[in-house]
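Chain by chain, the residues run as shown.
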Amino acid sequence: TAPITVPELRARKARGDKIACLTVYDATFARVLERSGVDVALVGDSLGVVVQGRPATVAVTLEQMAYHVGCVRRGLERPLVLADLPFASYVHPHQAVASAAELVRAGAQMVKLEGGRQRLEVVKALVAEGIPVCGHLGLLPQSIHRLGRYRVQGSDPQAAQRLLEDACLLEEAGVDLLVLECIPATLAEAVTAEVAVPTIGIGAGPHCDGQVLVLHDLLGLWFEGRPPRFVQDFLAAGGGIEEAVRAYVEAVRQGRFPTAEQSY
Ligand code: KIV
Ligand code: NA
């Protein structure tokens with residue numbers, strides 16, 4: 001089947017077809033994603049946690065991101081490869097374009113960056129170079145030292161209103177996709193209705209246009225106490241790794257994941 005393109009993602013939203021996204025960091029698992037029907041392969045800076053064993057994503061470098069993007073790229077053909085711009089690699093438009101270009105040369109087809117209204121000039125500069133951008137609102141792991149801990153965002157009315165505005169501003173600036181992390185399901189639903197670009201949720205309820213999970217979490221590889229409620233071990237149902245990823249993709253497509261109990 002044909003590779004997933006940016007216009008195809010928009011068409012999915014227009015048709016009401018859900019987008020299945022999953023993180024991946026190497027070629028072997030990339031092959032599993034390819035075979036399981038995953039639409040978007042996210043080379044997330046979560047690799048700092050699940051691959052490098054760090055407490056947060058902020059230590060991940062551009063060079064490390066490019067290395068993992070290359071590894072993933074060689075393992076798949078159909079899924080769209082989305083790569084995180086790492087912490088502090090997109091402060092100025094010039095720097096952002098140079099950073100994103102590294103990831104595109106390594107095989108990324110779209111780059112993701114965290115933040116709303118403070119990123120508009122950067123988004124415009126990337127789009128002007130022809131680089132598709134995915135926004136990321138809600139819980140922003142690269143801001144962990146300001147946040148103090150990982151928790152639900154956008155719960156009070158002002159924060160919710162601000163997030164909704166940020167989503168609209170990012171869309172105007174030219175993003176083609178929008179990740180919503182750890183926000184109330186009702187807020188994610190409102191954002192999804194408001195913008196024409198597809199929303200991809202993680203801990204953002206069932207109403208987003210697609211879902212994303214960290215690969216290791218989906219495989220039940222969670223060792224730090226109790227996982228957050230939106231994490232589901234798809235390997236627990238039995239079968240192998242490929243079946244688990246396929247079960248996740250099917251659950252996303254059919255709107256069975258996440259459930260209300262797995263949402264905020
Ligand atoms: O790095 C990552 O894995 C992510 C997803 C959780 C959205 O940004
Ligand atoms: Na990330």
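Structure shown above.
This structure is a prediction, so every number in the text was calculated from the model and none was measured. Every residue gets a number counted from 1 within its own chain, in the order that chain's sequence is written. As they are written, the chains are lettered A onward and the ligands numbered 1 onward, keeping that order. Only residues with pLDDT of 70 or above have their local features reported here, since the model is predicted, and side-chain atom pairs are shown and tallied only from 80 upward, although totals for entire chains, interfaces and linings are computed over all residues.

## Observations regarding the overall build of the protein
- Per the convention used, a helix needs a DSSP run of H or I reaching at least four residues, while a strand needs a run of E reaching at least two, with both numbered from the N terminus. Helix and strand counts for the protein stand at eleven helices and eight strands.
- In terms of overall size, the protein behaves like a compact globule, its C-alpha atoms giving a radius of gyration of 17 Å where 264 residues would be expected to give roughly 18 Å.
- A principal-axis box enclosing the C-alpha atoms of the protein has dimensions of 45 × 40 × 40 Å.
- Buried means a residue has 20 or more other C-beta atoms within 10 Å of its own C-beta, exposed means 12 or fewer, and partly exposed covers the counts in between; C-beta atoms are placed from the backbone. Going through the 264 residues of the protein one by one, you find that 49% of them count as buried.
- For every residue pair, C-beta atoms are placed from the backbone, and the pair is scored as a contact if these atoms sit within 7 Å. In the protein, the share of contacts with a sequence separation of at least 24, taken over all contacts with a separation of at least 6, comes to 64%. Each radius of gyration is computed over the set of C-alpha atoms, and the globule rule expresses the reference value as 2.2 Å times the number of residues to the power 0.38.

## Describing the site of ligand 1
- By convention here, the C-beta atom is placed from the backbone, and a residue is near a molecule or strand when that atom is within 6 Å of it. Thr 23, Leu 42, Gly 44, Asp 45, Ser 46, Asp 84, Val 179, Glu 181, Ile 202, Val 212 and Val 214 make up every residue found near ligand 1.
- Note on residue categories: nonpolar means Ala, Val, Leu, Ile, Met, Phe, Trp, Tyr, Cys or Pro, charged means Asp, Glu, Lys or Arg, and polar means any other residue, Gly included. Classifying every residue of the shell around ligand 1 gives five nonpolar, three polar and three charged.

## Some details on the packing of helix H5 (residues 93-106) against helix H6 (residues 120-128)
- Between H5 and H6, the least distance of the axes is 9 Å, while the angle of their chain directions is 45 degrees. By the criterion of interaxial angle, the relationship of H5 to H6 is oblique. Two packed elements cross with a definite hand, and for H5 against H6 that hand is right-handed. When H5 is examined against H6, the residues Pro 93, Ala 96, Val 97 and Ala 100 are found in contact with a partner set consisting of Glu 121, Val 122, Ala 125 and Leu 126.
- The residue inventory of the contact of H5 with H6, partitioned by class, reads seven nonpolar, no polar and one charged. Axis definition: a line fitted to C-alpha atoms, over the contacting stretch in the case of helices. Angles run 0 to 180 degrees between N-to-C directions. Orientation categories follow fixed angle ranges, with anything under 35 degrees roughly parallel, anything over 145 roughly antiparallel, 65 to 115 roughly perpendicular, and all other angles oblique. By convention, the crossing between two helices is left-handed when the near helix turns anticlockwise from the far helix through less than a right angle, and right-handed when the turn is clockwise.

## Looking at helix H9 (residues 185-194)
- When we look at burial in H9, the residues that qualify are Leu 187, Ala 188, Val 191 and Thr 192. The buried side chains of H9 occupy one side of the element, clustering within an arc of 135 degrees when seen end-on.
- On its buried face, H9 sits against helix H8 (157-173), strand S6 (177-181) and strand S7 (199-202). Working note: the arc is built from the helix axis to C-beta atom directions.

## Looking at the sheet that holds strand S5 (residues 133-138)
- A barrel is described by the order of its strands in space; here eight strands give the closed sequence S1-S2-S3-S4-S5-S6-S7-S8, paired in parallel fashion. For this sheet the average axis-to-axis angle between neighbouring strands, irrespective of direction, equals 25 degrees. When DSSP finds two or more bridges between a pair of strands, those strands are recorded as paired.

## A short note on unusual backbone geometry
- For the bond running from Phe 257 to Pro 258, omega is -5 degrees, close enough to zero to count as cis.
- Positive phi, close to 60 degrees, is recorded for Ala 88, a residue that is not glycine.
- Mapped onto the secondary structure, Ala 88 falls in the loop between strand S3 (80-84) and H5.
- Judged by local crowding, Ala 88 falls into the exposed class, with 12 C-beta atoms found within 10 Å.
- Phi is positive for Cys 182, which is not a glycine, with a value near 50 degrees.

In short, shape yes, function no, at least from these values alone.
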